[in-house]
Amino acid sequence: MQLLLIHSDYIEYEVKKSTPVAEKIEESFKTGRLEEALTAFMAVEKADESDIDGIINKAVGEIRNVAGQVKAANIMLYPYAHLSSDLSSPKAAVAVLKGVEEALSGDYTVKRAPFGWYKAFRISCKGHPLSELSRSIVPEGKPAACGEPVVCQEEKEEVVSEALKAESTARSYWHILTPDGELHDTKGFDFTGHENLQKFVNYEISKQRAVERAPPHVELMRRLEIADYEPGSDSGNMRYYPKGRLIKSLLEEFVLEESYKVGAMEVETPLMYDMNHPTLKKYLDRFPARQYSIESDKRHMFLRFAACFGQFLMNHDMTISYKSLPMKMIEMTRYSFRKEQRGELVGLRRLRAFTMPDMHSLCTDMQQAVEQFDAQYNMCISVLDKVGIKVDDFEVAVRFTRDFYNDNRDFITNLARTVKKPVLVEMWDTRFFYFVLKFEFNFVDALAKASALSTVQIDVENAERYDINYIDTDGVAKKPVILHCSPSGAIERCIYGLLEKEAMRTENGGVPMLPVWLSPTQVRVIPISDKHMGFAQQIADQLQCRVDIDDREDTVGKKVREAAREWIPYIVVIGDKEAETGNINVTLRAESQPEKPKKVEMTPEQLNARILSETSGMPYKGLPLAKMLSARPKFL
RNA sequence: GCCUCUGUGGCUUAGCGGUAUAGCGGCUGAUUCGUAAUCAGCAGGUCGGGGGUUCAAAUCCCCCCGGAGGCUCCA
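## Structural notes on the overall build of chain A
Looking only at helices and strands, chain A features 17 helices and 28 strands. In terms of overall dimensions, chain A has C-alpha extents of about 110 × 65 × 50 Å along its principal axes. By the burial criterion, 53% of the 636 residues in chain A qualify as buried. Once local pairs closer than 6 in sequence are excluded, the contacts in chain A between residues at least 24 apart make up 76%.

This is the structure in C-alpha cells:
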C-alpha cells in the first residue's frame, strides 16, 4: 500500500462522476469536509491482497503514529489510485479502506471519501516538517496478530534492478578450466599447488566466508595515513590524506596512460542522470547494483555507478565510421557510486564512492570483439603487474553463456593458458545480463576473501538500447559489439590489494613495503645532529625523487624506527663520516629482513640511478607533504 | 536492509554501579645524540549522541549514529 499523509488546516471533497468500479453511496456521502485533519491518501496494491488484515493493521499503526506526532484528532481517508501503478482489485481496496476506517473510528473523528468516483478536492497543507509524509507498506509472510507492535516500512527510494532479481534465479554451472582445455568438476578437482584458487572457489561457490577479525589493511590504511573513515559522510565514503591522495593520483595517472597507449580517448561525463530517461531506466534494470537517488527540482536523479551511460549517450550522438573501430573511450570515474548494503562495506575493499577507470570499446562484430577481449585481457595482466599485483596474487574467473562457449572453446582455453594456471568457470544456460562473456581477476586477501579487480565484458545489448551505430564499408549503419573494461579495477581496491598483500608478507616473516613509485616518501634523510643539516640538504637536493628530511630533535634510533614504520624504501643517515667521504650509508628496505636491516654504502649518484631505474616508465609526482618533518602536521 | 559484536582525551587503552587509568602523540625545558622508542614537566576527557532505571551511570535498560563480522553483493 502507498500512503501519503498530509496534515492540513482543512480538507474538502465533492463527488463529480462515477467510474466503473465505484462503490454505491448515499447522497450525504457525496461531499465532505474536515477541519484540522490528517488526510491519508491511500492506494491499495496487488501485493496487499495476500494479507488484507495485516495491511490494515500496519496502515492503522502508521496513521496513529503520525496523528500522534502532529496531534491530529480528525482523520480523512482518501482513496487515491494515482499513488501506485500496481493496484489491487476494487473489492480488496474497499475492504482495506473500510477496515482502516473501522479501526481508527474509536479514537478519532474519521471520514472517508468514496471509492471509485472522480472527485474534486481542496486541501490546505500546514507545511511544517511533519505535515507531508509518504509511506510504503508491504505485507509480511504472515498477518500481524492483534496487539502485536506493528512495524511499518518507510518508503525506500531504492531501485532494485531486474538484474539483481534475475541473478537470484540464475542457474550457474561451475567448473575449473585447466590450461590444457579440460573442464573439471569443482568438486573432484585436485587443488594442490593452487591453494589460492581453492580459497577463491570456496568463497564463490561454497560461500565459506566466516572470518574472526577485521581485514589487516584497515589498520594499515590509517597507520600509513592513506585513508580513513569519515563519520560526517555516508558510510563507504572515505577521506584520503595527502599520502593517500598521492598514491591514488599516481595509480589514476598510470591507468590512464596505459589506456592512451592502446588508443583510448579520455572523456568526462556527468555524475548524475535522470532516473526516468527511457534508455537509462532500461539499463538500470540490467545492471546488478543499487543506486543513490537524489532530487533535483522535480526530477528524480541517480548517481552513476559506472561511466557507461555518459559514454553510450555520447556514442549515440556521434558519427562513427568502420575506419574508427575498434574505438575506445575511457573515463577515470571519480566517483562511481553504489549504495552497497551497510554490512558489505569494509575499509577500502568495498566502498559506496570509488574511483573506477571505465573503458568502452566499440567493435565491428563479435570477431573483432573477441580479438579485443584477448588484447585487453593481456593489458589488464600487465597493468596489475606494474601496480604491484602479480598473476600469483589473483585468481581468474571467466563467466559466459553455454552458446558462447560452444562457439569459442579454443579462445576460452587460451585465457587459462595465458596465466598458466587453472581458472574458475561459471556457465549459464541463458543470458541473464547484458554480456555473453566476462572475466575478472579476483584478489584473494589475508582472510581468504575474494574481490574483483580488472574485468572485461562483451556487451551484446547496449548498442541496440542506446541506438549506437557505425557506418560499415557498404554504407549501411550497423550496431557495434561493445566491450566494457576496467583495466585495474577500482583504484581504492588496488590500494586495498597492495596493503593486504604486504600484510600477508608480514605474517610470513617478510618486510612490507609499497612499490617504490607509489611510496609517498622514497628517501628519508636523517641528519645526526644540527651541524649535519647542511650536508643533508645537499644530498636531498641531488636526488630526483620524493625526499624528505627528519630535522626533528629526536635520537637517530627513533627517527629510523619511524621511517621504517612508514615503509620508506631508502633511509639515509648523515653524520661526520658522510660529510668527510661524500658517500652515504643507505638502508635498503627491499633487501632487509625483520631485525636485519641491509645497509649499503654508495654515492648519492648511485642511489639516484637506482631509484630512477626502479621507477622508470611510471608516473611521478612531488612530495605531498612538507619536506621538513618538523613542519608536518599529524593526521592521526 | 536484517542478525551479532563494538564505541573511554588526537591515537591505543584500564576501569564494567560511587563522576576516570596509563602509554603514544602535542606543548615547554634539558640533551646535539651514529640506525626499532633520551630525560623531566605541563596541557588535554560532560567516557559516540539522546532518553530511562537508581540516592548514585563510562558501567544496567531503550532508541539513534559510527565501526567490525555474518547474510547478500561487487570494481
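## What to know about the environment of Ile389
Note on placement: Ile389 falls in the loop between helix H9 (366-387) and strand E17 (394-401). Of the residues examined, Ile389 reaches a relative accessible area of 0% and is grouped as buried. Residues Ile389 and Phe443, 54 residues apart in the sequence, show an inter-C-alpha distance of 8.7 Å. Contacts of Ile389, omitting those with residues within four sequence positions, involve Leu384, Phe394, Phe443, Leu453, Cys494, Gly497 and Leu498.

## A look at the sheet that holds strand E15 (residues 327-337)
An order of E8-E7-E18-E17-E19-E20-E23-E16-E15-E11 is seen for the ten strands of this open sheet, with the pairing classed as mixed. Sheet topology places strand E8 (183-185) and strand E11 (265-266) at the edges, where each strand pairs with a single neighbour. As paired strands, E11 and E15 are joined by two bridges and run parallel to one another. When the bridges of E15 are listed, Glu266 appears paired with Ile330.

## A few points about the pairing of strand E14 (residues 299-303)
Walk down a regular strand and you will see the side chains alternate between the two sheet faces. Sheet topology note: the strand E12 (residues 272-274)/E14 ladder contains three bridges and is antiparallel. Across the sheet, residue Met272 finds its bridge partner in E14, namely Leu303. Looking at chain direction, strand E13 (residues 293-296) and E14 are connected through four bridges and run antiparallel. The residue of E14 that forms the bridge with Glu295 is His300.

## Some remarks on the sheet that holds E13
Here we have three strands laid out as an open sheet, ordered E12-E14-E13, and antiparallel in their pairing. The open sheet terminates on both sides in strands that have one partner only, identified here as E12 and E13. Put simply, the sheet's adjacent strands are angled 40 degrees from each other on average, direction ignored.

## Regarding the nonpolar core
Core analysis: the largest hydrophobic core is formed by 101 residues, its most contacted members being Leu437 and Ile458. Ranked by residue count, the leading element in this core is H9, at ten residues. Excluding residues within four positions of it along the chain, Ile458 makes contact with Met366, Ala369, Val370, Phe373, Phe404, Tyr434, Phe435, Val436, Leu437, Val481, Ile482 and Leu483. Residues Ala40, Ile55, Ile63 and Phe115 belong to the second largest nonpolar core, which totals 29 residues.

## So, the protein's contact with RNA strand B
Near RNA strand B there are 55 residues, and of these Tyr229, Glu344, Arg350, Leu453 and Glu553 occur at the shortest range. The contact in question runs from a base nitrogen of RNA strand B to an N or O atom on the side chain of Tyr203, over 3.0 Å. Here a phosphate oxygen of RNA strand B sits 2.5 Å away from a polar atom, N or O, in the side chain of Lys558. Elements that contribute at least two residues to the surface near RNA strand B include exactly strand E16 (353-363), strand E20 (450-459), helix H15 (556-565), helix H16 (576-581) and strand E27 (584-593).

## Points about the side chain of Glu395
Within the secondary structure layout, Glu395 lies in strand E17. Setting aside anything within four residues of it in sequence, one finds Glu395 in contact with Asn196, Leu197, Phe200, Lys421, Pro422, Glu440, Phe441, Asn442 and Val444.

## Concerning unusual backbone geometry
Pro326 follows Leu325 through a cis peptide bond whose omega is -5 degrees. Cis geometry is adopted by the peptide bond preceding Tyr335, which originates at Arg334 and carries an omega value of 10 degrees. Relative to the assigned elements, Tyr335 resides in strand E15. In this structure, Lys420 takes a positive phi of about 55 degrees despite not being glycine. In this structure, Lys420 sits in the loop between helix H11 (409-419) and strand E18 (423-428). On the accessibility criterion, Lys420 (71% relative accessible area) is exposed.

So, how was this worked out
Residues numbered from 1 in each chain as written. Chains lettered and ligands numbered in written order. Predicted model: local features only at pLDDT ≥ 70, side-chain atom pairs only at ≥ 80, totals over all residues. Heavy atoms only, no water. Helix = DSSP H or I, 4+ residues; strand = E, 2+ residues; numbered from the N terminus. Buried < 20%, exposed > 50% of the residue type's maximum accessible area, 1.4 Å probe, protein only. Contact = heavy atoms within 4.5 Å. Pairing = 2+ DSSP bridges. Axes fitted to C-alpha atoms, helices over the stretch in contact; angles between N-to-C directions. Core = buried A, V, L, I, M, F, W, Y, C linked by side-chain atoms within 4.5 Å. Near = heavy atom within 4 Å. Polar contact = N/O pair within 3.5 Å; in protein donor to acceptor, adjacent residues only side chain to side chain.

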